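# Summary of the model geometry
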Amino acid sequence: MTVKIETTRFGTLEVTEDKIISMPSGMIGFGEYKRFIIVQHNADSPFFWYQAVDEPGLAFVLTNPNYFMPEYQAPPSVVKRETGWEGDLADSEDLELYVTVRIPPDDPENMTANLIGPIVVNNKTMEAVQLVIAKSKYSHRHKILKKE
């Protein structure tokens, strides 16, 4: 079944119900919104939009942190504890890892990623969770672009 989603950035989007991600706890600070879709920014872009289904103006910029930090991962023990998901999460092809990106409007070269609050999407169950990785060596304002 197709669902129409009204957005302020993209107009009306039509997606199938199986593309809607359930986020039982919502995003940190936005817990009342529990359904999202992922919209790719451009075909060749590493950025995505995490668009709330029930709030047209709420969308977060996401990227896979491995684009700029290949060794980064969400600890499987934290994922299991926070989600209750079973199985070998370390090598699961069903899971996708994202981080939110902050892009200053007047200075996009200083964009940062939140590495202590990654989002893990389970593509098998279409559920997601935003983790909080306590005692992390990472930052919530990790610079994505390196200065040359």
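Look up a bit, the structure's there.
Rules used throughout
- Numbering of residues begins from 1 in every chain and follows the order in which that chain's sequence is written.
- Two thresholds apply to this predicted model, a pLDDT of at least 70 for residue-level local features and 80 or more for giving and counting side-chain atom pairs, whereas whole-chain, interface and lining totals are computed over all residues.
- Side-chain measures were taken over the full set of non-hydrogen atoms in the model, leaving aside hydrogen atoms and water.
- Helix numbering and strand numbering both begin at the N terminus, where a helix is a DSSP run of H or I of at least 4 residues and a strand a DSSP run of E of at least 2.
- Each radius of gyration is computed over the set of C-alpha atoms, and the globule rule expresses the reference value as 2.2 Å times the number of residues to the power 0.38.
- Under the scheme applied here, a residue whose accessible area is under 20% of the maximum for its type counts as buried, over 50% as exposed, and between as partly exposed, the area being computed with a 1.4 Å probe on protein chains only.
- All accessible areas in this document rest on Shrake-Rupley with a 1.4 Å probe, and a residue is counted as covered only by the protein chains that are shown.
- By the convention used here, strands pair only if DSSP detects at least 2 bridges between them.

### Observations concerning the overall build of the chain
Within the chain one finds one helix and 11 strands. Helices (α) and strands (β) of the chain occur, in sequence order from the N terminus, as β-β-β-β-β-β-α-β-β-β-β-β. A globule of 148 residues ought to have a C-alpha radius of gyration of about 15 Å, and the chain, at 15 Å, matches this closely. Along the longest, intermediate and shortest principal axes, the C-alpha atoms of the chain span 45 × 45 × 30 Å. The buried share among the 148 residues of the chain stands at 43%. Only carbon and sulfur atoms are counted for the fraction: they give 50% of the accessible area of the chain, which is about 8800 Å².

### With respect to the environment of Val-79
Turning to its location among the elements, Val-79 is positioned in helix α1 (residues 76-83). Between the C-alpha atoms of Val-79 and Leu-145, which are 66 residues apart in sequence, the distance is 27 Å.

### As for the pairing of strand β10 (residues 127-130)
Where strand β9 (residues 119-122) lies against β10, four bridges are found, and the strand directions are antiparallel. In the strand pairing of β10, Asn-122 is matched with Glu-127. Counted along the chain from β9 to the antiparallel partner β10, the turn is four residues long, and its residue Met-126 has a positive phi close to 55°.

### With respect to the pairing of strand β6 (residues 59-63)
Taken residue by residue, a regular strand's side chains alternate between the two faces of the sheet. By the criterion of burial, β6 is predominantly enclosed, with five of the five residues buried. Side chains of β6 alternate between two faces, with Ala-59, Val-61 and Thr-63 and Phe-60 and Leu-62 buried alike. Across five bridges, strand β5 (residues 47-52) lies against β6 in antiparallel orientation. For Tyr-50, the partnering residue across the bridge sits in β6 and is Phe-60. The loop that links β5 with its antiparallel partner β6 comprises six residues. Relative to strand β7 (residues 95-102), β6 is paired through three bridges, and the arrangement is antiparallel. The residue of β7 that forms the bridge with Thr-63 is Val-99.

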